[in-house]
Amino acid sequence: MSTVGAYDAKTHLPRLLAEVEKGEIVTITRHGTAIARLVPVAGTPAGGALADELRQARRGVRRGDDTIADMLAEGRR
């Protein structure tokens, strides 16, 4: 993971995007405080693995025959 100031991020955006495309995560700072993070989109090697794990974990998770409306109504009781 690399860190870059906001001014440098603006100046070198194409280079930063190339790094992110390769799977790198770039944190953008302003006056030393992190304000944004450039990350690969889901489907790329870095972001896709986590998304696939989450999808796999969700499979088979059910709550009986309750509908979303039933669950919302239960939460309001």
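Up top you'll find the structure we're talking about.
Quick caveat, the model's predicted, so the values are computed rather than measured. (Residues numbered from 1 in each chain as written. Predicted model: local features only at pLDDT ≥ 70, side-chain atom pairs only at ≥ 80, totals over all residues. Heavy atoms only, no water.)

(A) Examining the pattern of salt bridges more closely. For the structure shown, the criterion picks out 1 salt bridge. Between arginine 15 and glutamate 19 there is a salt bridge whose closest N-O contact spans 2.9 Å. With arginine 15 and glutamate 19 both in helix H2 (residues 13–21), this residue pair falls 4 residues apart, about one helical turn. A relative accessible area of 42% places arginine 15 in the partly exposed class. What makes glutamate 19 partly exposed here is its relative accessible area of 24%. (Salt bridge = Lys/Arg side-chain N within 4 Å of Asp/Glu carboxyl O. Helix = DSSP H or I, 4+ residues; strand = E, 2+ residues; numbered from the N terminus. Buried < 20%, exposed > 50% of the residue type's maximum accessible area, 1.4 Å probe, protein only.)

(B) Up close: the sheet that holds strand S3 (residues 33–38). Pairing is mixed across the open sheet formed by 3 strands, whose spatial order is S1-S2-S3. Either end of the sheet is taken by a strand with one partner, and the two such strands are strand S1 (2–5) and S3. The average undirected angle you get between the axes of adjacent strands in this sheet is 30°. H2 contacts S1, strand S2 (26–30) and S3 of the sheet and is inclined by roughly 145° relative to S2. (Pairing = 2+ DSSP bridges. Axes fitted to C-alpha atoms, helices over the stretch in contact; angles between N-to-C directions. Contact = heavy atoms within 4.5 Å.)

(C) Structural view of the side chain of threonine 29. Along the chain, threonine 29 falls in strand S2. Residues contacting threonine 29, with those up to four places away along its chain left out, are Thr3, Val4, Gly5, Ala6, Ala34 and Ile35.

(D) Structural context of the nonpolar core. In terms of nonpolar packing, the biggest core is built from 6 residues, these being Val4, Ala9, Leu16, Val20, Val26 and Ile28. At the level of elements, H2 and S2 are the ones that each hand at least two residues to this core. (Core = buried A, V, L, I, M, F, W, Y, C linked by side-chain atoms within 4.5 Å.)

(E) Up close: the pairing of S3. The pairing of S2 with S3 spans 5 bridges and is antiparallel. When the sheet's bridge partners are listed, arginine 30 is paired in S3 with threonine 33. Remark: 2 residues form the turn of the hairpin made by S2 and S3, two consecutive strands paired antiparallel; histidine 31 in that turn has positive phi of roughly 55°.

(F) Molecular detail of the environment of glutamate 24. Along the polypeptide, glutamate 24 turns up in the loop between H2 and S2. Taking the C-alpha atoms as reference points, glutamate 24 and proline 40, separated by 16 residues in sequence, lie 7.4 Å from one another. In this view, glutamate 24 contacts Met1, Ser2, Glu19, Leu38 and Pro40; residues no more than four positions away in its chain are not counted. A polar contact of 3.0 Å, which involves the side chain of glutamate 24, links it to the backbone nitrogen of methionine 1. (Polar contact = N/O pair within 3.5 Å; in protein donor to acceptor, adjacent residues only side chain to side chain.)

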